[in-house]
Amino acid sequence: MKYKKINDATVQCIITEEDMLEYGLTLSDIFERNEKGEGFLRDIIERAHDEVGYTVSGENIAMQITPLKDKGLAVTFTNETPMGFRDILQHLKEVLQGVSEELTRQDEEERKAGAQEQPGEVFDENRRMFVFASLHQAMQYTASIPASLSVKSHLYKDGEAYYLVLEKNRLSYKMFNKISAQAVEFGNLIAVSEERMQYLQEHGECLIADRAVSRLRRIYMA
């Protein structure tokens, strides 16, 4: 595992496939938030003190988890308030772009000479994707969003997980970041690229094509 301290409140950790195997973990353990996955994530936070001198202040830790191309994970956790959420996401996007480019370079070195280079993913800062272990968790989150807000959003299901995609659209960045920060209490953040959206649209089941937030909120509050 490789740690990087972004600021006093925020740390980013790259977890490789080898790290996952060493702990006997799968991606399902992480995204379903079972006992094994939760224990691993707590261990990551505790180890950050020894690795980069990170000190946990308070109990409100937001965690963003994104799968990487090599079956690893990028985990960013922070004590930042919602006001700092955009900066955290921007850093996460830059980190993932760098990781993607490095993995692509490594892939190219392993291929025969003359293979055409594949471009890295480009992440969309105007979209946020959250994965929930259950539909109930997704509805709990939408109930936390003010009913006065009109949020362009879509709900998908892939396997046992539920994916809620939020789009900035007419929201201010301040409000977009605020409602995004609320989501990490219920699910995990995935950085969005066009390739990831296409995969979800092709392989997942679209449960609510538009206004998913308001529709789920109405169901939950009924």
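Right above here is the structure, for reference.
So, here's what we can say about the structure. What you see is a predicted model, and the numbers here were worked out from it, not measured in a lab.

Rules used in this analysis
- Residues numbered from 1 in each chain as written.
- Predicted model: local features only at pLDDT ≥ 70, side-chain atom pairs only at ≥ 80, totals over all residues.
- Heavy atoms only, no water.
- Helix = DSSP H or I, 4+ residues; strand = E, 2+ residues; numbered from the N terminus.
- Buried < 20%, exposed > 50% of the residue type's maximum accessible area, 1.4 Å probe, protein only.
- Contact = heavy atoms within 4.5 Å.
- Areas by Shrake-Rupley, 256 points an atom, 1.4 Å probe, with all protein chains shown as cover.
- Salt bridge = Lys/Arg side-chain N within 4 Å of Asp/Glu carboxyl O.
- Polar contact = N/O pair within 3.5 Å; in protein donor to acceptor, adjacent residues only side chain to side chain.
- Phe/Tyr/Trp six-rings, centres within 6.5 Å; stacked < 30°, edge-to-face > 60°.
- Lys NZ or Arg CZ within 6 Å of the ring centre and 35° of its normal.

## Details of the overall build of the protein
Then, in step 1: Counting secondary structure elements, the protein contains eight helices and nine strands.
Then, in step 2: Counting only residues that meet the buried cut, the protein has 45% of its 222 residues in that class.
Then, in step 3: In the protein, once contacts between residues fewer than 6 apart in sequence are set aside, the share between residues at least 24 apart is 70%.
Then, in step 4: Of the roughly 12000 Å² of accessible surface on the protein, 46% is carried by carbon and sulfur atoms.

## Some details on the pattern of salt bridges
Then, in step 1: Inspection of the entire model under this criterion finds four salt bridges.
Then, in step 2: In this structure, the salt-bridge partner of Arg47 is Glu51, at a minimum N-O distance of 3.8 Å. In this pair, Arg47 and Glu51 both sit in helix 3 (residues 35-52), four residues apart, roughly one turn of the helix.
Then, in step 3: Residue Glu51 is classed as partly exposed on the basis of its relative accessible area of 44%.

## A look at the environment of Tyr3
Then, in step 1: In this fold, Tyr3 is placed in strand 1 (residues 2-7).
Then, in step 2: Sequence spacing of Tyr3 and Val52 is 49 residues, and the spatial spacing of their C-alpha atoms is 7.0 Å.
Then, in step 3: Apart from the residues within four sequence positions on either side, Tyr3 is in contact with Val11, Gln12, Cys13, Asp43, Ile44, Arg47, Ala48, Glu51 and Val52.
Then, in step 4: At 2.8 Å, the side chain of Tyr3 forms a polar contact with the backbone oxygen of Ile44.

## Side note on the side chain of Lys168
Then, in step 1: Along the polypeptide, Lys168 turns up in the loop between strand 7 (161-167) and helix 6 (173-183).
Then, in step 2: Among the polar contacts listed, one links the side chain of Lys168 to the backbone oxygen of Leu171, at a separation of 2.7 Å.
Then, in step 3: Each residue touching Lys168, except ones within four places of it in the same chain, is listed here: Asn126, Tyr173 and Phe176.

## Focus: unusual backbone geometry
Then, in step 1: The residue Asn169 is not glycine, and still its phi comes out positive at about 50°.
Then, in step 2: For Asn169, a relative accessible area of 51% translates into the label exposed.
Then, in step 3: Positive phi is not limited to glycine here, since Arg211 has a value of about 50°.
Then, in step 4: Tracing the sequence through the fold places Arg211 in the loop between strand 9 (205-208) and helix 8 (212-221).
Then, in step 5: Owing to a relative accessible area of 47%, Arg211 belongs among the partly exposed residues under this scheme.

## Some thoughts on the environment of Lys4
Then, in step 1: As for its placement among the helices and strands, Lys4 is situated in strand 1.
Then, in step 2: C-alpha separation for the pair Lys4 and Ile14, spaced 10 residues apart in sequence, amounts to 8.6 Å.

## Some remarks on the packing of aromatic side chains
Then, in step 1: For the structure shown, the criterion picks out five aromatic pairs.
Then, in step 2: On the numbers, 4.7 Å between centres and 65° between planes, the contact of Tyr23 with Phe40 is edge-to-face. Here Tyr23, found in the loop between helix 1 (17-22) and helix 2 (27-31), pairs with Phe40, found in helix 3; they are 17 residues apart in sequence, far enough to count as distant.
Then, in step 3: Of the residues examined, Tyr23 reaches a relative accessible area of 32% and is grouped as partly exposed.
Then, in step 4: Judged by centre distance (6.1 Å) and plane angle (40°), the ring pair of Phe130 and Tyr141 falls under tilted. Placement of Phe130 in strand 5 (residues 127-132) and of Tyr141 in helix 5 (residues 135-143) is noted, with a sequence separation of 11 residues between them.
Then, in step 5: Through a chain of ring-to-ring contacts, the aromatic side chains of Phe130, Phe132, Tyr141 and Phe186 assemble into a single cluster.
Then, in step 6: Across the ring face of Tyr173, the terminal group of Lys168 is positioned such that the distance to the ring centre comes to 4.7 Å.

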